[in-house]
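Tertiary structure, described
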There are 2 protein chains.
Amino acid sequence: MERAVLRYKNSVISGLIINESNGLITLKASNGYNMTFDRSEVEFIERKKEESPERKSIEAVEKGQGDRKISVLATGGTIASRVDYETGAVSPVSDPELIFGGSDILTRFTVAVKPILNEFSENLKPADWIRIGQAVADESSEADGVVVAHGTDTMAYTSSALAFMFERMRVPVVFVGAQRSSDRPSSDSRENMQAAINFAGTDLGEVGISMHASTSDGHVSLLRSVRSRKMHTSRRDAFESIGIPPLAEYDGSVKFLIDYRRVSDTVEFRPDLDDRVSMIYFHPGLNAGDLENMIAEKHAVVILGTGLGHMAKDLIPVVKKYTADGNYAIMASQCIYGSTDLNVYSTGRELLAAGVIEAGNMVPEVAYVKAMYLLGQYPHDLFRDLFRKNMRGEIVERDLPVEIIKLGR
Amino acid sequence: MERAVLRYKNSVISGLIINESNGLITLKASNGYNMTFDRSEVEFIERKKEESPERKSIEAVEKGQGDRKISVLATGGTIASRVDYETGAVSPVSDPELIFGGSDILTRFTVAVKPILNEFSENLKPADWIRIGQAVADESSEADGVVVAHGTDTMAYTSSALAFMFERMRVPVVFVGAQRSSDRPSSDSRENMQAAINFAGTDLGEVGISMHASTSDGHVSLLRSVRSRKMHTSRRDAFESIGIPPLAEYDGSVKFLIDYRRVSDTVEFRPDLDDRVSMIYFHPGLNAGDLENMIAEKHAVVILGTGLGHMAKDLIPVVKKYTADGNYAIMASQCIYGSTDLNVYSTGRELLAAGVIEAGNMVPEVAYVKAMYLLGQYPHDLFRDLFRKNMRGEIVERDLPVEIIKLGR
């Protein structure tokens, strides 16, 4: 990495060079913002190489005088990082006094921060979900609530995996992330974390996600993990609860908005997952050979089909053979909103005849995680029924097409 | 297909059996609605097999007294279908008097309906896009506007492909679909089609999509094809213009809402596409071997990464080798909203170093179509620059992160 001091018009600007291409140069200034200049319009006053930034591990630390103890498990990601603009190093933030200073958190709670991983979330594998789940299980016998600080990129996947693996929960489990690192003037990490501690102080017996409710400060939502999806690359309210309202909101106090599962008196963590499951995005050029390559050696596949859950008819024989061989093909929709319905058109009925299981209104990523969980934990002859059973709130019951009259259930 | 007459409580109900599973039976009644019953609570009065429904071709027909001629090209899909509940047959609707009766369309326009395909849109391939484009090009030398009736599932893909293939347009090209077939009481097909004819009567020199603006009747949006995405499986306002307002709205008259390209005095249709491009949905269990299988023999790949455009670091060497071999790797985001930005985190910078091209705020499906177009029509050494160039309004210029100061461009 290089640091530069440059002149642009009448200003002298210094910062880390974070990109230089196509005749443009981008500096990260000491206020945390990026500035891009036309390369031909700036004059370099100084320019020197620096050591690459390192990701340092954080130390375990416990602070606060409250009776209730919340464990914060740090896994990496933006929420745990702080860029030191003098050295370029990325330092995780672990001191609760820095995070909670000025709030009443440390008088109401005792907060113990423990590092368990230090990884951007796009690098986490199903094996890491089990590792995080085990750490949460260990903490839940001691603490009154567990918060998991996690990168936002795959937070919906990891938190859903924990939701399935925890058959019973003794304490709330709240994932929290940030879209801007805590050194940025516009950081959302403090508010999201303070809300997460408060959510973790309730009787929630589910795995939730604590993120900004809007682009402004002041309101943080608690989302049901198995209905959540990161729907914006950069906005602070990037996470959305698809098809249901948030579980709760925090604006100084916690208000639950919909019914939720309460904590149990014991914890039951079942860590088995079968990671031989893949996700496939149907697109018009996808041919039978491509599909065969993509599903070879996988025990299940979640297909993101078009519309109500369709794919080209020439691919259906591949799916039929795949399911006949004892594998599972699940049809979700790339529309994201709404529900699959394979009974409306002939393509859908042919897919059902080929053995396809509908994701219904399950979020595609959640269908993927659920398939890994079911294959890892249950006899395979139960897969089909359990997949369509609402186990953790992952299926929205009232989102069924209004014209279907539900009788006797 | 079977037709049943059954008794449920005190009612006798008849209809086509469209599903029977898990102890439930669903009938499509003659009013077009589905009804689901608990199998154990109904008594069959009659039940008999019927011939499978057929998709009949429609006849070319021209009607109307208007000076301006609009060609409607039918390709299949819900908008062109009508289920005959007596025979179970799916009949396309082609008579303009049925579609436009009661409106002033046939006094203001002469409408010629021509069948060019009869296919659900999930079955269309890039070769069909060229066929549709050629038919549109042929019509544009004769007609004053062209409407393409198309299944909604892949309408965003097809219409975007035409947007790229038409270097110049002499007349407006408006795609139109429906979420409910025209026999359904709640059908949106009539309104969408009437609006499409009106949009096709303007000076629009772009490819647009005419679909309901909300779940209620009365407002139909014209969306820019290269910013459109089907975002709901079943709602009538399923299509959304991502990151920009609709081009226009119709509520009895056409009102343009944003700036648009005007028609040219000539038509230039360039039909080449390279269909060896694939779309890959990154997910935590995706390993290097899977990725290699998916991209082998493809000239370009659009990866739907997480967040700002990330994937696991163990996959980056696969991408690096792939681009070093002369192929193109494009990074989009599975978040759908927002923009990729590979300069923020080290994962992104490593992806850039591996030769990845950012989709920016391009809709992933549009990035996929654009890659096929560029590979088919331009020397490969221009790919990278043209991919980042805004050719048809597929890139939203003002969606750049607000903190980036744009200078000199």
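Reading guide: rules and limits
- Per-chain numbering applies: the sequence of each chain, read as written, is numbered from 1 onward.
- All chains are assigned letters beginning with A, and all ligands numbers beginning with 1, in the order in which they are written.
- Under the rules for a predicted model, residues below a pLDDT of 70 receive no local features and side-chain atom pairs below 80 are neither given nor counted, while totals for whole chains, interfaces and linings still include all residues.
- Processing note: side-chain calculations cover all non-hydrogen atoms of the structure and skip hydrogens and water entirely.
- Helix numbers and strand numbers start at the N terminus; a helix is a DSSP run of H or I with at least 4 residues, a strand a run of E with at least 2.
- Any two residues having at least one pair of non-hydrogen atoms within 4.5 Å are treated as being in contact.
- Exposure was quantified through the Shrake-Rupley algorithm and a 1.4 Å probe, taking into account, for residues, occlusion by the shown protein chains and nothing else.
- When a carboxyl oxygen of Asp or Glu is within 4 Å of a side-chain nitrogen of Lys or Arg, the pair counts as a salt bridge.
- Accessibility here uses a 1.4 Å probe with only protein chains present; expressed as a share of the type maximum, an area under 20% marks a residue as buried, one over 50% as exposed, and anything in between as partly exposed.
- We call a pair of cysteine sulfur atoms a disulfide when they lie within 2.5 Å.
- In superposing the copies, a least-squares fit is computed on C-alpha atoms, taking residues whose pLDDT is at least 70 in both.
- Domain delimitation follows an automatic or database domain assignment.
- Paired strands are those between which DSSP finds at least two bridges.
- Whenever a helix is involved, its axis is fitted only over the stretch in contact; in every case the axis is a line through C-alpha atoms, and angles between N-to-C directions fall within 0 to 180 degrees.
- Stacked, tilted and edge-to-face are the three classes assigned to paired rings of Phe, Tyr and Trp, where Trp is represented by its six-membered ring and a pair needs centres within 6.5 Å; plane angles under 30 degrees give stacked, over 60 edge-to-face, the rest tilted.
- For a ring to carry a charge above it, either NZ of a lysine or CZ of an arginine must fall within 6 Å of the ring centroid while also lying within 35 degrees of the normal to the ring plane.
- Expected span of a helix: the number of residues minus one, times 1.5 Å.
- Comment: arc refers to directions from the helix axis out to C-beta atoms.
- An angle counts as roughly parallel when it lies under 35 degrees, as roughly antiparallel when it exceeds 145, as roughly perpendicular when it falls between 65 and 115, and as oblique in every other case.
- Two helices cross in a left-handed way if the nearer one is turned anticlockwise from the farther one by less than a right angle. They cross in a right-handed way if the turn is clockwise.
- Ten residues, namely Ala, Val, Leu, Ile, Met, Phe, Trp, Tyr, Cys and Pro, are considered nonpolar, four, namely Asp, Glu, Lys and Arg, are considered charged, and the remaining ones, Gly among them, are considered polar.
- Here the quantity called buried area is the total loss of accessible area, with a 1.4 Å probe, experienced by two parts when brought into contact, counted for both.
- Within 3.5 Å is the distance limit for a polar contact, defined as a pair of N or O atoms, with the added protein rule that one can donate a hydrogen and the other accept it, and that residues adjacent in sequence qualify only through two side-chain atoms.

1. What about the overall build of chain A?
On a plain count of helices and strands, chain A comes out with 10 helices and 24 strands. Sequence separation of at least 24 residues holds for 68% of the intrachain contacts in chain A that already meet a minimum separation of 6. Total accessible area on chain A is roughly 15,300 Å²; 47% of this is exposed by carbon and sulfur atoms.

2. Considering the pattern of salt bridges
Tallied over the entire structure, the rule returns 44 salt bridges over all chains. Salt-bridge contacts for Lys230(A) lead to Asp153(A); the nearest nitrogen and oxygen are separated by 3.3 Å. Within this pair, whereas Lys230(A) is found in strand β16 (residues 228-230), its partner Asp153(A) is found in the loop between β11 (145-149) and α4 (155-165), the two being separated by 77 residues in sequence. Judged on exposure class, the residue Lys230(A) and its partner Asp153(A) are both buried. Glu394(B) is the salt-bridge partner of Lys370(B), the closest N and O atoms lying 2.5 Å from each other.

3. As for the state of the cysteines
With the rule as written, the count across this model stands at zero disulfides over all chains. Between Cys335(A), a free cysteine, and Cys335(B), which holds the nearest cysteine sulfur, the sulfur-to-sulfur gap is 17 Å.

4. Quick word on the relation of the copies chain A and chain B
With an RMSD of 0.1 Å, the fit of chain A onto chain B corresponds to turning through 180 degrees and sliding 0.0 Å along the axis. Accordingly, the operation relating the two chain copies is best matched by a two-fold axis. Most of the interface of chain A is mirrored in chain B: 100% of its interface residues are interface residues there too.

5. Thoughts on the domain arrangement of chain A
A common measure of how large an interface is: the accessible area buried when the components associate. One can read the domain layout of chain A as domain 1 (2-49), domain 2 (61-269) and domain 3 (277-388). Averaged C-alpha coordinates put domain 1 of chain A and domain 3 of chain A at centres separated by 49 Å.

6. Section: the sheet that holds strand β6 (residues 61-63) of chain B
All names here are of chain B. The nine strands are arranged β6-β10-β7-β11-β13-β14-β15-β18-β19 in an open sheet whose pairing can be described as mixed. Edge positions in the sheet fall to β6 and β19 (254-256), since each of these pairs with one other strand and no more. Pairwise comparison of adjacent strand axes, ignoring direction, gives a mean angle of 20 degrees for this sheet. Inspection of the sheet shows strand β15 (residues 220-224) paired to strand β18 (residues 248-250) by three bridges, in the antiparallel sense. Within the sheet, the bridge partner assigned to valine 220 lies in β18 and is tyrosine 250. Docked against the sheet, helix α3 (residues 126-140) engages β7 (68-74), β10 (109-115), β11 (145-149) and β13 (173-176), running at close to 155 degrees with respect to β11. Across the sheet, helix α4 (residues 155-165) touches β13 and β14 (207-212), and the angle it forms with β14 is around 155 degrees.

7. Let's talk about the sheet that holds strand β24 (residues 357-358) of chain A
Note on sheets: strands pair through backbone hydrogen bonds, and any given pair is parallel or antiparallel. Taken together, four strands build an open sheet; the order of strands is β21-β22-β23-β24 (chain A) and the sheet is parallel. Edge positions in the sheet fall to β21 (277-281) and β24 of chain A, since each of these pairs with one other strand and no more.

8. A short note on the environment of Ser40(A)
Structurally, Ser40(A) can be placed in the loop between β4 (34-38) and β5 (42-49). Sequence spacing of Ser40(A) and Glu240(A) is 200 residues, and the spatial spacing of their C-alpha atoms is 42 Å.

9. A look at the packing of aromatic side chains
Within the structure shown, the criterion is met by 21 aromatic pairs over all chains. Aromatic side chains Tyr157(B) and Tyr368(B) sit 6.1 Å apart centroid to centroid with 85 degrees between the ring planes, which places their arrangement in the edge-to-face category. Here Tyr157(B) is found in helix α4, whereas its partner Tyr368(B) is found in helix α9 (residues 364-377), with 211 residues between them in sequence. The residues Tyr157(B) and Tyr368(B) share a single accessibility class, namely buried. We note Lys370(A) situated over the ring of Phe387(A); from NZ or CZ to the ring centre the distance is 5.4 Å. Cation over ring: Arg47(B) sits above Phe44(B), and NZ or CZ is 4.8 Å from the ring centre.

10. Overview of helix α9 (residues 364-377) of chain A
Because each turn of an α-helix spans 3.6 residues, side chains separated by three or four positions in sequence point in the same direction. Compared with an ideal rise of 1.5 Å per residue, which puts 14 residues at 20 Å, α9(A) spans 20 Å between its outermost C-alpha atoms and is within 8% of the ideal. For α9(A), the tally of buried residues reaches 13 of 14 residues, placing the bulk of the element in the interior.

11. Some details on helix α8 (residues 346-353) of chain A
All names here are of chain A. Burial in α8 covers these residues: Thr347, Gly348 and Leu351. Buried residues of α8 fall within an arc of 100 degrees about the axis and therefore sit on the same side. Backbone geometry just downstream of α8 places glycine 355 in the positive-phi region, at approximately 95 degrees.

12. Some details on the pairing of β10(B)
All names here are of chain B. With five of seven residues buried, β10 lies mostly within the body of the structure. Two strands pair when backbone bridges link them, and β6 and β10 are joined in this way by three bridges, in the antiparallel orientation. Counted as the bridge partner of glutamate 62 is alanine 112 from β10. With seven bridges joining them, β7 and β10 adopt parallel strand pairing. From the neighbouring strand, isoleucine 70 faces β10, where its bridge partner is valine 111.

13. Notes on the packing of helix α6 (residues 288-295) of chain A against helix α7 (residues 316-324) of chain A
Residue and element names in this part refer to chain A. Their axes nearest at 9 Å, the elements α6 and α7 cross at an angle of 25 degrees. When the axes of α6 and α7 are compared, the pair comes out roughly parallel. Here α6 and α7 pass one another in a crossing that is right-handed. Only Val318, Val319 and Tyr322 of α7 make contact with α6, whose side of the interface consists of Ala288, Leu291, Glu292 and Ile295. In the contact of α6 with α7, the residues fall into six nonpolar, no polar and one charged.

14. Digging into the interface of chain A and chain B
Listed by partner, the interface residues are 75 residues for chain A and 75 residues for chain B. Counting each side, the surface lost to burial between chain A and chain B is near 6,500 Å², with a carbon and sulfur contribution of 53%. On inspection of chain A and its partner chain B, the count reaches six salt bridges. The salt bridge partner of Lys298(B) is Asp290(A), with a shortest N-O separation of 2.9 Å. Among the secondary structure elements, those contributing two or more residues to the side of chain A that touches chain B are β2 (11-21), β4, α3 (126-140), β16, β21, α6, α8 and α9 of chain A.

15. Let's talk about the side chain of Glu394(A)
Residues and elements named next belong to chain A. With respect to the helices, strands and loops of the structure, glutamate 394 is situated in the segment after α10 (383-388). Polar side-chain contacts of glutamate 394 include one of 3.0 Å to the backbone nitrogen of methionine 391. Residues within four places of glutamate 394 in sequence aside, it is in contact with Phe164, Val226, Arg227, Asn361, Met362, Val366, Lys370 and Lys389.

16. Comments concerning the environment of Val369(A)
All names here are of chain A. Relative to the elements of secondary structure, valine 369 occurs in helix α9. For valine 369, a relative accessible area of 0% gives the class buried. Placed 96 residues apart in sequence, valine 369 and leucine 273 show a C-alpha to C-alpha distance of 8.7 Å. When near neighbours in sequence (up to four residues on either side) are disregarded, valine 369 contacts Trp129, Tyr157, Ser160, Ala161 and Phe164.

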